[in-house]
Amino acid sequence: MRRSALTGLTISLLLLAAGFAIAFLVGRFPVSLADVLSVLWAKISGQPSGVSGAVETVVWQVRGPRVLAAFLVGAALSVAGAAFQGLFRNPLVSPDILGASSGAALGAVLGIYFSLGVVAIQAFAFIGGLFAVSAVYLIGSALRMRDPILVLVLAGVVIGALLGSGVGLIKYLADPYNQLPAITFWLLGSLAATSASDLVSLFSLIAAGTFVLLLLRHRMNVMSLPEEEARALGVSTGPMRIAIVAAATLVTSASVAAAGIIGWVGLVVPHIARSLTGPDFAKLLPVAALLGGSFLLVIDTIARTAATIEIPLGILTAFVGTPFFIWLLASMQKNWS
Amino acid sequence: MTIAAQNLSIGYRDRLVGSGITISLRESESLALLGPNGGGKTTLLKTLLGLLPPREGEVTLNGAALSAIPVRERARLIGYVPQVHTGTFAFTVETVVLMGRTAYGSLFSRPSAKDFAVARQMLERLGIAHLAQRSYTEISGGERQLVLLARALAQEPRFIVLDEPTASLDFGNQGKVLSEIEALAGAGLGVLFTTHDPNHALRAAHRVCLLRAGAIVAEGKTKQMLTRENLEALYGAAVLPVSDSARIAFLPG
């Protein structure tokens, strides 16, 4: 099949538009597309919108930040997933392969345990994610073996398990009436608490990391070759790997800090993007970002509207992701044999 | 230009593979590295490419230490054709060959019009231009070998190093790759390749290096070095020479 970047981009832009529309329109408070557009236009032009104050509040203050956050988090996780899958030369890798999620989880859970505010909890989560990946990277570099990629992945598994037991310990110690529900809710992923002020840091961190990855897109193609080939082609693989891991970790940690742990997006979406554009990162990264954003917009809309209570995002993505993963394994088995 | 090493020890951090190796490769010549499995061919190749630091001694390029040359610059001087692999991602053949141009762009740049032209030219040179938009994972092993060769040629190097370029190819494709090697040396490149088949060295190499247990046991002009005695000693097995008035070939005994 001939894949074209233009087709991929067009499809993902259409899906994104649909995702935004669904996310803005669906909900307990009825809002029409015209309402949304006039509120948005009013904010851009500075003119009064002409819709009722309640509608304007729903569009601009209730759904708006959440919709943007869903887009950003979905895009970030997908971009990071695509980068890690390329770097580790393995299509079954997800953005938390190096412990970003478990580190962030421990950070956030600690924040909740010490009854800190939302901002502090997010900062803890972010620092935890960066810390975990740095630890994994240092261990991987200290143990110089022939396959640096394998060492990194194994170090990620081990550190992830250790941090996971740290999370378990805090859950065990936490107040079962106040803290434990908050911890559980956060660990399952949610955008319910997103406020407009969160968006600034979320956007700037994700934009910075994604920008670096986009700049390096052609080098990332070469980095998806075996290490020695990449070096023979003129790439300093060590510094390049640090740059890619750092950028991908930055966007992962930022999104985990804002939305908790949302699995599967970073695993599934890069595959769908790759099937549209092929593996060339120059085409793959933008399409993965747009598709990931639309995917999480839809998932988050389901999360807040399907039941009388919020359904955690991680649970919904698992329902979508698990069958997809099994299908992926089955189709890869066909290719390998 | 010459790639050279004197009294080189090769190996990994925890394992010495070979020592006392003296070898050189000039432009416009092809050199075949022969030897039994585990004799150190691949390790020597990687050391000469600068991918593996020598345990002792130094690989030099025109007298300058190879390790002191930045990877980017090195990639413009020495091209590497690895053993054929299936690849993880379904890049198009064109994208794979364009990766050979990495060392000519800056860190953030995308392939230039010239890069595309060079890639195209190399694909045409090897007669595989029709594969340009096919996916690398879907073409045959012989075609993949040619694509990897095209990628190395796109580096526009002075030397080209091939790791068992004929290993997984059918008879026809083996011939194709061997005549390509001959043509490359004819076009002025220094070519170093490893092979399991002495006949392939006879077919395409000016000189041979016989490597056994990490040491060079014989080195010199192909026809003089590839004798029944040398080959039997090298592989520790019987070898049957077949010859007519002009040429000689060897069958495994």
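Residues numbered from 1 in each chain as written. Chains lettered and ligands numbered in written order. Predicted model: local features only at pLDDT ≥ 70, side-chain atom pairs only at ≥ 80, totals over all residues.

Participant: What's the story with the overall build of chain A in this structure? I'm lost.
Facilitator: A count of helical and extended segments in chain A gives 14 helices and zero strands. When the elements of chain A are put in sequence order from the N terminus, they spell out α-α-α-α-α-α-α-α-α-α-α-α-α-α. The C-alpha radius of gyration computed for chain A amounts to 20 Å, which stays within 12% of the reference 20 Å derived for 337 residues, consistent with globular compactness. Projected onto its principal axes, the C-alpha positions of chain A cover 65 × 55 × 40 Å. The buried share of chain A, taken over its 337 residues, is 50%. (Helix = DSSP H or I, 4+ residues; strand = E, 2+ residues; numbered from the N terminus. Rg over C-alpha atoms; globule rule 2.2 N^0.38 Å. Buried ≥ 20, exposed ≤ 12 C-beta atoms within 10 Å, placed from the backbone.)

Participant: Please explain the overall build of chain B as it appears in this structure.
Facilitator: Looking only at helices and strands, chain B has nine helices and twelve strands in total. The C-alpha radius of gyration of chain B comes to 18 Å, within 12% of the 18 Å expected for a compact globule of 253 residues. In terms of overall dimensions, chain B has a C-alpha envelope of 55 × 40 × 30 Å along the principal axes. Taken across its 253 residues, chain B has 47% of its residues classed as buried. Across chain B, the fraction of contacts at a sequence separation of at least 24, relative to all contacts at a separation of at least 6, is 66%. (Contact = placed C-beta atoms within 7 Å.)

Participant: Help me understand the nonpolar core, please; the structure alone is not making it clear to me.
Facilitator: In globular proteins that are soluble, nonpolar side chains generally tend to be buried together. Ranked by internal contacts, the top residues of the largest apolar core, which has 178 residues, are Val79(A), Ala150(B) and Val161(B). If one sorts the elements of this core by residue count, helix α3 (residues 53-87) of chain A sits on top with 18 residues. Sequence-distant contacts of Ala150(B), that is, excluding residues within four places in its chain, are made with Val97(B), Met122(B), Leu123(B), Leu126(B) and Ile128(B). (Core = buried A, V, L, I, M, F, W, Y, C linked by C-beta atoms within 7 Å.)

Participant: Explain the sheet that holds strand β1 (residues 2-12) of chain B to me, please; I cannot follow it from the model alone.
Facilitator: All names here are of chain B. Reading across the sheet, the four strands line up as β2-β1-β4-β5 and stay open at both edges, with antiparallel pairing between neighbours. Where the open sheet ends on each side, the last strands, each with one partner, are β2 (15-26) and β5 (64-65). Two strands pair when backbone bridges link them, and β1 and β2 are joined in this way by eight bridges, in the antiparallel orientation. Residue Leu-8 lies in a different strand from β2, and its bridge partner there is Ile-21. Relative to β1, helix α1 (residues 41-49) is tilted by about 125°, and along the sheet it contacts β1, β2 and β4 (59-61). (Pairing = 2+ DSSP bridges. Axes fitted to C-alpha atoms, helices over the stretch in contact; angles between N-to-C directions.)

Participant: Quick question: what am I supposed to make of the interface of chain B and chain A here?
Facilitator: How big an interface is tends to be expressed through the accessible area that disappears when the partners come together. Across the contact, 25 residues belong to chain B and 23 residues belong to chain A. If you list the elements that add at least two residues to the side of chain B that touches chain A, you get α1 and α2 (71-77) of chain B. The biggest single contributor to the side of chain B that touches chain A is α2(B), with three residues. Its residues assigned to classes, the side of chain B that touches chain A shows 15 nonpolar, six polar and four charged. (Nonpolar A, V, L, I, M, F, W, Y, C, P; charged D, E, K, R; others polar.)

Participant: Help me understand the packing of helix α4 (residues 100-113) of chain A against helix α5 (residues 118-142) of chain A in this model?
Facilitator: Any two packed helices are characterised by how steeply their axes cross, that is the angle between the axes, and by the distance between the axes. Residue and element names in this part refer to chain A. Two elements in contact, α4 and α5, have axes separated by 6 Å at closest approach and are oriented at 145°. Of the two possible hands of crossing, α4 and α5 adopt the one that is right-handed. Where α4 abuts α5, its residues Ala-100, Ser-102, Gly-103, Ala-104, Leu-106, Gly-107, Ala-108, Leu-110, Gly-111 and Ile-112 lie against Ala-120, Ile-121, Phe-124, Ala-125, Phe-126, Ile-127, Gly-128, Gly-129, Phe-131, Ala-132 and Val-133. Its residues placed into classes, the contact of α4 with α5 shows 15 nonpolar, six polar and no charged. (Left-handed = near helix turned anticlockwise from the far one by under 90°.)

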